Amino acid sequence: MEQAVPLIYTKDELPPLPGFWVRASAAAIATGALAILLFGAYLAPPTQGYSTHTQLGLAPCQFEIRTNLPCPSCGFTTSVTHFVHGNWLASLYLQPMGFVIAIGCCTTVWIGYYIALTGRPVYRLLNFIPGRYWVMVLLSIALGGWGWKIFIHLAQRDHWPP
């Protein structure tokens with residue numbers, strides 16, 4: 001009588017490779033993240049530490065004008081611009097969440113084009129840490145970054161170098 005082989009020693013069939021639309025979506029998302037980084041490379045980081053978005057023809061932040069406090073996204077563009085120009089310390093100092101966004105864009109470019117070119121999924125890597133933990137960490141960094149931005153703004157130290 002033959003002994004049964006335990007399931008843990010048997011090979012599973014590999015899942016099918018993603019189709020065209022999944023690969024095209026991954027390429028589109030990666031291209032969008034790359035566009036954010038390229039805009040950051042195109043812009044010149046201002047010394048005052050905010051209002052980089054006005055170089056794109058956008059209006060100044062009305063929240064800051066009316067309250068004299070930075071808005072929750074104040075400094076994101078400046079932070080990404082400093083990051084792309086290689087000044088990571090300035091990026092982290094001026095807006096920590098902007099620094100995280102820049103790292104996320106870099107990661108998205110690599111992962112998106114990897115999926116688009118190879119067709120191999122990477123979603124299984126995300127299962128190591130459940131989504132609710134990522135959300136809590138990112139929300140904490142965003143709120144902490146906003147608090148930090150308010151602090152350095154009120155102390156009149158929201159410029160680089162400090």
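Computed from a predicted structure; not experimentally measured.

About the cut-offs
- Residues numbered from 1 in each chain as written.
- Predicted model: local features only at pLDDT ≥ 70, side-chain atom pairs only at ≥ 80, totals over all residues.
- Heavy atoms only, no water.
- Helix = DSSP H or I, 4+ residues; strand = E, 2+ residues; numbered from the N terminus.
- Rg over C-alpha atoms; globule rule 2.2 N^0.38 Å.
- Buried < 20%, exposed > 50% of the residue type's maximum accessible area, 1.4 Å probe, protein only.
- Lys, Arg positive; Asp, Glu negative; His and termini not counted.
- Charge placed at Lys NZ, Arg CZ, Asp CG, Glu CD.
- Polar contact = N/O pair within 3.5 Å; in protein donor to acceptor, adjacent residues only side chain to side chain.
- Contact = heavy atoms within 4.5 Å.
- Patch = residues over 30% accessible without salt bridge, like charges linked within 9 Å, V, L, I, M, F, W, Y side chains within 5 Å.
- Areas by Shrake-Rupley, 256 points an atom, 1.4 Å probe, with all protein chains shown as cover.
- Salt bridge = Lys/Arg side-chain N within 4 Å of Asp/Glu carboxyl O.
- Axes fitted to C-alpha atoms, helices over the stretch in contact; angles between N-to-C directions.
- Parallel < 35°, antiparallel > 145°, perpendicular 65-115°, else oblique.
- Nonpolar A, V, L, I, M, F, W, Y, C, P; charged D, E, K, R; others polar.
- Expected span 1.5 Å × (residues − 1).

### Structural notes on the overall build of the chain
(1) Moving on: What the chain contains, in helices and strands, is seven helices and zero strands.
(2) Moving on: Over its C-alpha trace the chain gives a radius of gyration of 21 Å, far above what one expects of a compact globule, namely 15 Å for 162 residues.
(3) Moving on: For the chain, the spread of C-alpha atoms along the principal axes amounts to about 80 × 30 × 25 Å.
(4) Moving on: The burial tally for the chain puts 27% of its 162 residues in the buried class.
(5) Moving on: The averaged location of the 5 negative side-chain charges in the chain is 10 Å from the averaged location of its 8 positive side-chain charges.

### With respect to the side chain of Gln-95
(1) Moving on: Relative to the helices and strands, Gln-95 is located in the loop between helix H4 (88-94) and helix H5 (96-118).
(2) Moving on: On the basis of relative accessible area, Gln-95 is assigned to the buried category, the value being 0%.
(3) Moving on: One polar contact links the side chain of Gln-95 to the main-chain carbonyl oxygen of Cys-74, over a distance of 3.0 Å.
(4) Moving on: Not counting chain neighbours up to four residues away, the residues in contact with Gln-95 comprise Pro-72, Cys-74, Gly-75, Phe-76, Ser-79, Gly-145, Trp-146 and Lys-149.

### Focus: the environment of Ile-29
(1) Moving on: Inspection of the secondary structure assignment puts Ile-29 in helix H1 (residues 20-42).
(2) Moving on: Separated by 84 residues in sequence, Ile-29 and Tyr-113 place their C-alpha atoms 8.8 Å apart.

### Comments concerning a nonpolar patch on the surface
(1) Moving on: Together, Phe-39, Tyr-42, Leu-56 and Leu-58 make up an exposed nonpolar region whose accessible area comes to about 450 Å².
(2) Moving on: As for its position among the elements, Leu-56 is in the loop between H1 and helix H2 (62-67).
(3) Moving on: Given the relative accessible area of 39%, Leu-56 is considered partly exposed.

### Here we look at the packing of H5 against helix H7 (residues 131-154)
(1) Moving on: Where H5 meets H7, the axes come as close as 7 Å, and the angle between the chain directions of the two elements is 135 degrees. Relative to H7, the element H5 is oriented oblique. Contacts between H5 and H7 involve Pro-96, Met-97 and Val-100 from the former and Leu-138, Ile-141, Ala-142, Gly-145 and Trp-148 from the latter.
(2) Moving on: Its residues assigned to classes, the contact of H5 with H7 shows seven nonpolar, one polar and no charged.

### Observations concerning H5
(1) Moving on: The terminal C-alpha atoms of H5 lie 33 Å apart, and with 23 residues this matches the ideal 33 Å at 1.5 Å per residue to within 8%.
(2) Moving on: Three or more residues of H5 are buried, namely Pro-96, Met-97, Gly-98, Phe-99, Ala-102, Cys-105, Val-109, Gly-112, Ile-115 and Ala-116.
(3) Moving on: The inward-facing, buried residues of H5 contact H1, helix H3 (76-84), H4 and H7.
(4) Moving on: Gly-119 lies just past H5 and shows a positive phi near 80 degrees.

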